[in-house]
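# A look at the structure
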Amino acid sequence: MPSHRYRDVYSRVEVPLTEREWPTKRFTAAPLWVPVDLRDGNQALAEPMDPERKRRFFELMVRMGYTEIEVGYPSASQTDYDFVRLIAETGIAPDDVTIVVFTPARRDLIERTVESIRGIRNDVVIHLYTATAPTWRDVVLGHDRAALKELILAGGRDVLEFAGDLPNVRFEFSPEVFNLTEPDYVLEVCDAMTGLWDATPERPVILNLPATVEIATPNVYADQIEYMHKNLARREAVILSVHPHNDRGTGIACAELAVLAGAQRIEGCVFGNGERTGNVDIATLALNLHAQGIDPMIDFSDIDEIRRTVEYCNRIEIHPRHPYVGDLVHTAFSGTHQDAIKKGFAEHRARAAAEGRAEAEIEWRVPYLPIDPADLGRSYDAVIRVNSQSGKGGIAYLLENEYGIELPRRLQIDFARHVQRHTDASGGEATAAELWEIFREAYLAQPDEPDAPALHAFDTTDTATTITLRIDGAERRSVHEGIGPVEALAHALAQHGIRIEIVSLHQTSIGAGAGTDALTLIEYRDGRDTRWAAGTDRSVLAATLEAVLRAAASTTQ
């Protein structure tokens, strides 16, 4: 790889050395979330959202509980301008939702942006941005440090001229590519802007510090944020915001460490859509807090509906392994994982019963599942799925979850071999219905032998049991003193040379409720090996006798 063509972050920008405090910090509360899907995310779509999709996405974010939403770049397109006017002219934005609009530091575009928000009753943030990093100054803008600072201040003065008298409007400034800008310069520009806009605790200015293109490990970004947090003028009048991208795949870590370093606000996209590898995923960030016992203050209780809406609006499918929302993120195929999850669910149910509390209220500690899928509106149906990598625990879980059948451990081991042969041959998954069919074929199938022993009748009294068998086409009657029907049937079979030693017997049922069938599972030894057979009937006794006969039939084959 021609790695010599690239420079590390330390040779591209001064990274301020600091007495680091952020490594000692802990999360205690959620930051202010600001979804930028309707602006930054929308710009990254091959086919930007039409008005209907924009409205649907906006209404979703309102229902989820976002209280500050960046709704568009009104000077960039008529669609964005019209959507801001829709908010101004209708009631789709609740009173507690702050509307954010985005503009570059250019007078005519600032004027059009302010035109778009006139009449909005909600609080509004006008978000002004300009790239400040050396490469952008030299290659894109053609300004030195002093000239660019004057351009930014001119934009700030234009914002004041057009919107300074609007009592519901506050201001935001982003030095784009903050993470590649000299620390002293970005501090100088940001302090100049808070001074120009007269930031006060009552009317704070948002300073948003983007990692526009991610270029370093997350600890570097945290150092940069902490430097600003500690050195900004009017700090008490500033809401310190971050806007990480995900070029290195560490946008989540950058955002989390930035909050530990002093950031109070995070801009990102629900599920992380954005240019290149995306903006930071604020859904994952929020649910990471949830998994640490901190309320994210956003409602993800129907995450599948959220996913469907986001996919529809963006016209992009979400990867099945995407954190928290992907189709497979709560699914285990591995046998060892399945066994641990199965035992974890059993312990969870037992603990809830012992404490007399609902399962949704007690501490969650099921192995391999960082949060309860039910918190997100997910059922447990797809938690365990069986393929050739699966083991007895997952197979048993599916049969129990779908059919109510509880398999003893030794039968789980035996049945897993049958399932393994099936999945190895098919190369795919086995559904719960397919597992039940494999079980029926292995343990409930009728014997192939036409002369297999059959129970013609039995009669039980207080002192004896009479068994009538049909063997080799003839009826054979025997009386067995002092024993019940199951033991009497085994003795009767033994009298005709079919010896079965029942090692263990287990009773379960198929399904739940009064109308279910009984299922008897017997482990038996026929002189050569230990095997399993099953019987099913509405009557537990009839199911048990059927299981013994099925075992007898297998010994004669």
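Predicted model, so just to flag it, every value in this text is computed and none were measured.

Analysis parameters
- Residues numbered from 1 in each chain as written.
- Predicted model: local features only at pLDDT ≥ 70, side-chain atom pairs only at ≥ 80, totals over all residues.
- Heavy atoms only, no water.
- Helix = DSSP H or I, 4+ residues; strand = E, 2+ residues; numbered from the N terminus.
- Contact = heavy atoms within 4.5 Å.
- Expected span 1.5 Å × (residues − 1).
- Buried < 20%, exposed > 50% of the residue type's maximum accessible area, 1.4 Å probe, protein only.
- Domains from an automatic or database assignment.
- Buried area = accessible area lost by both parts, 1.4 Å probe.
- Salt bridge = Lys/Arg side-chain N within 4 Å of Asp/Glu carboxyl O.
- Polar contact = N/O pair within 3.5 Å; in protein donor to acceptor, adjacent residues only side chain to side chain.
- Nonpolar A, V, L, I, M, F, W, Y, C, P; charged D, E, K, R; others polar.
- Pairing = 2+ DSSP bridges.
- Right-handed = clockwise from strand over helix to strand, strands pointing away.
- Axes fitted to C-alpha atoms, helices over the stretch in contact; angles between N-to-C directions.
- Left-handed = near helix turned anticlockwise from the far one by under 90°.
- Patch = residues over 30% accessible without salt bridge, like charges linked within 9 Å, V, L, I, M, F, W, Y side chains within 5 Å.
- Areas by Shrake-Rupley, 256 points an atom, 1.4 Å probe, with all protein chains shown as cover.
- Parallel < 35°, antiparallel > 145°, perpendicular 65-115°, else oblique.
- UniProt positions renumbered as here; feature names shortened; annotations may be inferred.

Tracing the backbone shows Ser116 in helix 4 (residues 107–117). Not counting residues within four places of it along the chain, the set of residues in contact with Ser116 comprises Pro74, Tyr81, Val84 and Arg85.

Since the α-helix turns once every 3.6 residues, residues separated by three or four places project in the same direction. In a regular helix each residue adds 1.5 Å, so 12 residues correspond to 16 Å; helix 3 (residues 78–89) covers 16 Å between its end C-alpha atoms and thus fits that length. Looking only at helix 3, the buried set comprises Asp80, Tyr81, Phe83, Val84, Arg85, Ile87 and Ala88. Its buried side turned inward, helix 3 meets helix 1 (37–43), helix 2 (51–64), strand 2 (68–72), strand 3 (98–104) and helix 4.

So, about the domain arrangement of the chain. Assigned domains within the chain: domain 1 (3–314), domain 2 (335–443) and domain 3 (454–555). Computed from C-alpha atoms alone, the centre-to-centre distance between domain 1 and domain 2 is 44 Å. Taken residue by residue, the interface counts nine residues in domain 1 and five residues in domain 2. Carbon and sulfur atoms supply 54% of the area that domain 1 and domain 2 bury against each other, a total of about 560 Å² over both sides. Linking domain 1 to domain 2 there are one salt bridge. Among the salt bridges present, the one from Arg378 reaches Asp304, with a minimum N-O distance of 2.8 Å. One can count four residue pairs in polar contact (both at pLDDT 80 or more) joining domain 1 with domain 2. Going through the elements one at a time, helix 10 (282–291) and helix 11 (303–314) are the ones with two or more residues in the side of domain 1 that touches domain 2. Residue classes in the side of domain 1 that touches domain 2 are distributed as four nonpolar, two polar and three charged.

Take the pairing of strand 8 (residues 265–268) next. Neither face of strand 8 is left uncovered, since the one carrying Arg265 and Glu267 and the one carrying Ile266 and Gly268 both have all their residues buried. Across four bridges, the pairing between strand 1 (residues 32–35) and strand 8 is parallel. Counterpart to Leu32 in the pairing with strand 8 is Arg265. Note that strand 7 (residues 238–244) and strand 8 share two bridges and pair parallel. The residue bridging Ser241 from the neighbouring strand is Arg265, located in strand 8. With helix 9 (residues 251–260) bridging strand 7 and its parallel neighbour strand 8, the resulting β-α-β unit is right-handed.

Attention now goes to the packing of helix 8 (residues 218–231) against helix 9. Orientation of helix 8 relative to helix 9, taken along the N-to-C sense of each, is 30 degrees, at an axis distance of 8 Å. Seen along the crossing, helix 8 lies across helix 9 with a hand that is right-handed. Residues Pro218, Asn219, Tyr221, Ala222 and Ile225 of helix 8 form the contact with helix 9, whose participating residues are Ala253, Cys254, Leu257 and Ala258. For the contact of helix 8 with helix 9, the residue count by class is eight nonpolar, one polar and no charged.

Sheet strands line up and pair through hydrogen bonds in the backbone, either parallel or antiparallel. Across the sheet, which stays open at both edges, the eight strands sit in the order 1-8-7-6-5-4-3-2 with parallel pairing between neighbours. The outermost strands of the open sheet, each flanked by one partner alone, are strand 1 and strand 2. This sheet shows a mean twist of 25 degrees between the axes of neighbouring strands, independent of strand direction. Bridge analysis of strand 6 (residues 205–211) against strand 7 gives seven bridges, and the strand direction is parallel. When the sheet's bridge partners are listed, Ala211 is paired in strand 7 with Pro244. Packing of helix 7 (residues 183–196) onto the sheet brings it into contact with strand 4 (124–131), strand 5 (169–176), strand 6 and strand 7, and relative to strand 5 it is tilted by some 165 degrees.

Time to look at the environment of Gly251. Checked against the element boundaries, Gly251 lands in helix 9. Its relative accessible area of 0% is what places Gly251 among the buried residues. Measuring from C-alpha to C-alpha, the distance between Gly251 and Thr217 comes to 9.6 Å, with 34 residues separating the pair along the chain. Sequence-distant contacts of Gly251, that is, excluding residues within four places in its chain, are made with Glu214, Pro244, His245, Asn246 and Val280.

On the surface, a cluster of nonpolar side chains totalling about 280 Å² of accessible area is made up of Val139, Val140 and Leu141. Relative to the helices and strands, Val140 resides in helix 5 (residues 134–141). Residue Val140 is classed as exposed on the basis of its relative accessible area, which comes to 57%.

A separate point is the packing of helix 6 (residues 145–163) against helix 7. At a closest axis distance of 10 Å, the pairing of helix 6 and helix 7 adopts a crossing angle of 25 degrees. In terms of orientation, helix 6 and helix 7 fall into the roughly parallel class. Handedness of the helix 6/helix 7 crossing: right-handed. From helix 6, Arg145, Leu148, Lys149, Ile152, Leu153, Gly156, Arg157 and Leu160 reach across to helix 7, where they touch Asp184, Tyr185, Glu188, Val189, Ala192, Met193 and Leu196. Of the residues that constitute the contact of helix 6 with helix 7, the class distribution is nine nonpolar, one polar and five charged.

According to UniProt, the "binding site: Mg(2+)" (unreviewed entry) feature falls on Asp40, His243, His245 and Asn279. These annotated residues cover 240 residues of sequence, and their C-alpha atoms lie no more than 10.9 Å from one another, placing them together at a single site. Take Asp40: its relative accessible area is 6%, and that puts it in the buried class. Residues in contact with His245, not counting those within four places in the same chain, are Asp40, Ala211, Thr212, Glu214, Gly251, Glu275, Arg276, Gly278, Asn279 and Val280.

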